[in-house]
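# Topology and contacts: notes
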Amino acid sequence: MAKAWAAVEAEAARASKRRIADLFAAPDRAASFSHQVCGLLLDYSKTALDDAARSALLALAEAADVAGRRDAMFAGEKINSSEQRAVLHTALRDPSRPLTLDGEDVTATIRETHARMIEFAAAVRGSGFTGQGGPIRDVVNIGIGGSDLGPVMAARALAPYADGPRCHFVSNVDGADVADVMAGLDPATTLVIVASKSFTTIETMTNAATLRDWMAKAVTDPAAQFVAISSRPDRAAEFGIPASRVFGFGDYVGGRYSVWGPIGLSLMLAIGPEEFDAFRAGAAELDAHFRSAPLAENLPVLLALVGLWHHQGLGYPTRAVLPYEHRLGRLPAYLQQLEMESNGKRVTRDGTPLTRPSGPVVWGEPGTNGQHAFFQLLHQGTQVVLCEFMLAREGHEPHLAHHHRLLQANCLAQSEALMRGRSFATARAIAEKLGYDGEALNCQAAQRVFEGNRPSVTLLYDKLTPRTLGKILALYEHRVFVEGTILGINSFDQWGVELGKELATALGPVLAGEDAGADKDGSTLALAAWLRDQE
């Protein structure tokens, strides 16, 4: 691995001395540095990668045995080494492939649970299951992290397909979140989904209790309108939810990879079982490509190598996800968790310190809104940011096709502007036409210079359908896996979230004035005292 990394770093040093635009002197540049598969087109030609750099990156993937570790994941080996767990979220979207884990027929269990989900969704959508005031009109999904980000992102993305109950999402333990949702609902026609694998997540269970109390004021049996997404039916039963309305999944599915199964129940209720299955099928199609395609033609591998090239190779610390698709407004946050919780580590799988940066900071917003917010920094700031644009060929509103063409023009223009920039001479000519001269002319010209040579990749797709969304999410899941494999990271644990939760539990009595907090630092005690004294 050391030799492979050294080759990549040598190529990165050479790349830092060239301009991306100059690479387009080769007439086949765009075709050679783009790849199309499964209805997705990935264009990474607007980067400083050349043939030699790409070859070095592919050699790095070979040295890390990406293919071997990928095969181990799909085979059900316990590649989540720190928790001794298999990683089988892919089985949720393709349970036709026989798979046994610790003596259990995993796919048979998945099929059974999925069939129960379909039956329940059909009953709710068809009024076979009603509230105590009539048919279910609203669904509230209570979860946090992966139990919230996936469903809320997908429900918003697939709004054109929503023909079932309206879906609402509560995640924050801040009372404002649940209060705002309750304010617009009728408890007698509302179904509540409590999504917590352990059924102990403090934020989720606090919100669930609040919604149960709210519902109890309007109906005689609030628990009759609750559903649990949990692997602990015993704890759900204590809450009043019978086993028939508990949908579980195994510990081989991590929260941030769980939207494909029971965690996606709210999405199934919104868009229906058929479209939900199309969503899963799109991901399964991308899975099949990832499993079988050579590394040099493998979309998740190529996207991962582009990410490693810019973060670990060229040292760019952040990555902006910029979907030019309004309904993908929550996708940057979803990918932020996927990447930063997976690859935000400081040690390798064997516990030794990393010798190079782990995952980047991931952030973003939809275009064109971002153009009027943070694109100034992308174009003229002192930090270089890898930009990842997403764009559809077609929107869902044919009568507003002129809007979509404007959206497309803006997306392509931004990637072009990032690469091309504007020289001082051109900026000076513009300022001169505006009537500036002397010292003011040069000053004004300097303000209008764009350094350019800023990298971007663009992912194109035909239309944001359930199947397309499934492909996009699977592409990014596998991209994170490949990056983690090459870095030697376990991308499937998240110990970094534990300490804060432990300390929060201990601080409850301090804030209540029941514990002096002898083991707390002066700042924490002073802040707690101020908050306590204001009550």
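Below: a short report on this structure. As the structure is a prediction and not an experimental result, all values here were calculated from the model.

We now examine the sheet that holds strand E1 (residues 34–37). The strands that make up a sheet are held in pairs by hydrogen bonds between backbone atoms, and each pair lies either parallel or antiparallel. Strand order across the open sheet formed by six strands is E1-E2-E15-E14-E12-E13, with mixed pairing between neighbours. Because the sheet does not close on itself, it has two edges, and the strands there are E1 and strand E13 (361–363). In this sheet, neighbouring strand axes are inclined to one another by 15° on average, regardless of whether the strands run parallel or antiparallel. Pairing analysis gives four bridges linking strand E2 (residues 40–43) to strand E15 (residues 456–461), with the strands arranged antiparallel. Bridging across to E15, Leu-40 finds its partner in Tyr-461. Lying on the sheet, helix H19 (residues 466–487) is in contact with E2, strand E12 (318–324), strand E14 (386–392) and E15; it crosses E15 at an angle near 145°.

Peptide bonds are trans in most cases, and residues, glycine excluded, mostly fall at negative phi. Following Gly-367, the chain continues to Thr-368 via a peptide bond in cis, the omega torsion being 10°. As for its position among the elements, Thr-368 is in the loop between E13 and helix H15 (375–380). Of note in this structure, Phe-199 is not a glycine but carries a positive phi near 60°. Among the structural elements, Phe-199 can be located in the loop between strand E9 (190–195) and helix H9 (202–216).

The sheet built from five strands is open, its strands ordered E8-E7-E9-E10-E11 with parallel pairing. Sheet topology places strand E8 (166–170) and strand E11 (246–247) at the edges, where each strand pairs with a single neighbour. Sheet topology note: the strand E10 (residues 226–229)/E11 ladder contains two bridges and is parallel. The residue bridging Ile-229 from the neighbouring strand is Phe-247, located in E11.

Turning our attention to the pairing of E2. Two strands pair when backbone bridges link them, and E1 and E2 are joined in this way by four bridges, in the antiparallel orientation. Among the inter-strand pairings, Val-37 is bridged to a residue of E2, identified as Leu-40. Where E1 hands over to E2, the hairpin turn is made up of two residues, of which Cys-38 adopts a positive phi near 55°.

Secondary-structure assignment places Thr-348 in the loop between helix H14 (331–343) and E13. Thr-348 sits in the buried class, given a relative accessible area of 17%. Side-chain polar atoms of Thr-348 contact the side chain of Thr-352, separated by 2.8 Å. For Thr-348, the residues in contact, after removing those within four places along its chain, are Leu-354, Leu-487 and Gly-488.

Right, let's get into the packing of H14 against H19. To describe two helices that pack against each other, one gives the angle between their axes and the distance between the axes. In the contact formed by H14 and H19, the axes pass within 10 Å of each other and the chain directions differ by 25°. Accordingly, the angle class assigned to the pair H14 and H19 is roughly parallel. Note that H14 runs across H19; the crossing there is right-handed. Residues Leu-331, Tyr-334, Leu-335, Leu-338, Glu-339, Ser-342 and Asn-343 of H14 form the contact with H19, whose own contacting residues are Leu-473, Tyr-476, Glu-477, Arg-479, Val-480, Glu-483 and Gly-484. Here the residues of the contact of H14 with H19 sort into seven nonpolar, three polar and four charged.

Among the secondary structure elements, Phe-169 is positioned in strand E8. Between the C-alpha atom of Phe-169 and that of Asp-94, which follows or precedes it by 75 residues, the distance is 27 Å. The contact partners of Phe-169, leaving out residues within four places of it in the chain, are Asn-141, Asp-148, Pro-151, Val-152, Ala-155, Asp-177, Val-181 and Ser-266.

A few words now on the environment of Pro-222. Counting through the fold element by element, Pro-222 comes out in the loop between H9 and E10. With relative accessibility at 13%, the residue Pro-222 sits in the buried group. The spatial distance from the C-alpha of Pro-222 to the C-alpha of Leu-211 is 9.0 Å, given a sequence separation of 11 residues. With near-sequence residues (within four places) excluded, Pro-222 lies in contact with Gln-132, Arg-212, Met-215 and Ala-216.

Glancing now at the side chain of Gln-225. Assignment of secondary structure puts Gln-225 in the loop between H9 and E10. Of the residues examined, Gln-225 reaches a relative accessible area of 1% and is grouped as buried. Polar side-chain contacts of Gln-225 include one of 2.7 Å to the backbone oxygen of Thr-190. Residues in contact with Gln-225, not counting those within four places in the same chain, are Gly-131, Gln-132, Pro-187, Ala-188, Thr-189, Thr-190, Leu-191, Val-192, Met-215, Val-219 and Arg-245.

Conventions used here
Residues numbered from 1 in each chain as written. Predicted model: local features only at pLDDT ≥ 70, side-chain atom pairs only at ≥ 80, totals over all residues. Heavy atoms only, no water. Pairing = 2+ DSSP bridges. Helix = DSSP H or I, 4+ residues; strand = E, 2+ residues; numbered from the N terminus. Axes fitted to C-alpha atoms, helices over the stretch in contact; angles between N-to-C directions. Contact = heavy atoms within 4.5 Å. Buried < 20%, exposed > 50% of the residue type's maximum accessible area, 1.4 Å probe, protein only. Polar contact = N/O pair within 3.5 Å; in protein donor to acceptor, adjacent residues only side chain to side chain. Parallel < 35°, antiparallel > 145°, perpendicular 65-115°, else oblique. Left-handed = near helix turned anticlockwise from the far one by under 90°. Nonpolar A, V, L, I, M, F, W, Y, C, P; charged D, E, K, R; others polar.

Function-wise, these values are silent; they only describe arrangement.
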